[in-house]
Amino acid sequence: MNSTLRTAAVLACAGAVAIGAPAVPATASAGGPARSSCAAGLRSIEAIPERHIAAAWKANDAQALAAQFTPDATFVVPGPGGVYLKNRKQILAYMTQGFAGQLKGVTSTAKVVNARCVTPDVVVLVSTGGLVFPGESEPPADRIGVQTWTVVRKGGRWLAAAYQNARGVDLNPAF
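Just so it is clear, the model here is predicted, and its values are computed rather than measured. (Residues numbered from 1 in each chain as written. Predicted model: local features only at pLDDT ≥ 70, side-chain atom pairs only at ≥ 80, totals over all residues. Heavy atoms only, no water.)

### As for the environment of Thr148
Part 1 of the reasoning: Take Thr148: it is sitting in strand β6 (residues 144-154).
Part 2 of the reasoning: Accessibility expressed as a relative area gives 37% for Thr148, which makes it partly exposed.
Part 3 of the reasoning: Among residues more than four places away in sequence, those in contact with Thr148 are Val124, Leu125, Val126, Ala162, Tyr163 and Gln164. (Helix = DSSP H or I, 4+ residues; strand = E, 2+ residues; numbered from the N terminus. Buried < 20%, exposed > 50% of the residue type's maximum accessible area, 1.4 Å probe, protein only. Contact = heavy atoms within 4.5 Å.)

Rendered as structure tokens:
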């Protein structure tokens, strides 16, 4: 993997979404009991990126990672060699190449900093995290990003429908 692809992979995977939790039951229109049900389930949805990310990365398992996205998911990362992937198949190919190459043995950190129900079946998550290469105990500042994704309820599961990673984002602006 060349340095451009490695940079893109680092940016892409610093907290790449892995959402596969059982769906919280929907019982009414937005704003009613179903919205409350979604809000009640946010704790478990917030915890999922941290657990699933760690497991997929620790195992360098591209299949497990890609399976957490909807078939038509988008995956966007910035920087030199940044990528825009348009579906689960492309995500799988991209991660398979990364895990077979320079990302072998790399783990990932993720911490959800915001989660909200948009509708009973749509949640927006924001996290921060980065990649930890062999020999490191935590990601250096230049590999920590802020990730935003849209998570949707599909067939009884929460799956990532859109993911974007950005660097250089101030989570606590002073204005």
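Now, onward.
### Some words on helix α4 (residues 88-100)
Part 1 of the reasoning: End to end, α4 covers 18 Å across 13 residues, agreeing with the expected 18 Å (1.5 Å per residue, within 8%).
Part 2 of the reasoning: Within the sequence span of α4, burial applies to Ile91, Tyr94, Met95, Gly98 and Phe99. Angular distribution of buried residues about the axis of α4 spans 125 degrees; they occupy a single face of the element. Summarising the geometry of α4, the exposed residues directed more than 90 degrees from the buried face are Lys89 and Ala100.
Part 3 of the reasoning: Capping the start of α4 is the job of one residue whose side-chain oxygen sits 3.1 Å from the backbone nitrogen of Lys89: Asn87. (Expected span 1.5 Å × (residues − 1). Arc of directions from axis to C-beta. Polar contact = N/O pair within 3.5 Å; in protein donor to acceptor, adjacent residues only side chain to side chain.)

### Section: the confidence of the model for the protein
Part 1 of the reasoning: With 74% of its residues at a pLDDT of 70 or more, the protein shows a mean pLDDT of 78.
Part 2 of the reasoning: Counting interchain partners and residues more than four positions distant, the pLDDT-below-50 stretch residues 1-31 has 118 contacts. (pLDDT = per-residue confidence, 0-100.)

### With respect to the pattern of salt bridges
Part 1 of the reasoning: For the coordinates displayed, the defined rule picks out two salt bridges.
Part 2 of the reasoning: In this structure, the salt-bridge partner of Arg153 is Asp121, at a minimum N-O distance of 2.3 Å. Of this pair, Arg153 sits in strand β6 while Asp121 sits in the loop between β4 (111-119) and β5 (122-132), placing them 32 residues apart in sequence.
Part 3 of the reasoning: By relative accessible area, which is 16% here, Arg153 ends up buried.
Part 4 of the reasoning: In this structure, Glu136 and Arg143 form a salt bridge, with 2.3 Å as the shortest nitrogen-oxygen distance.
Part 5 of the reasoning: Overall, the relative accessible area of 13% leaves Arg143 in the buried class. (Salt bridge = Lys/Arg side-chain N within 4 Å of Asp/Glu carboxyl O.)

### Here's the deal with unusual backbone geometry
Part 1 of the reasoning: One non-glycine residue, Asn60, adopts positive backbone phi at about 45 degrees.
Part 2 of the reasoning: If you trace the backbone, Asn60 turns up in the loop between α2 (33-58) and α3 (62-66).
Part 3 of the reasoning: Residue Asn60 is classed as buried on the basis of its relative accessible area of 18%.

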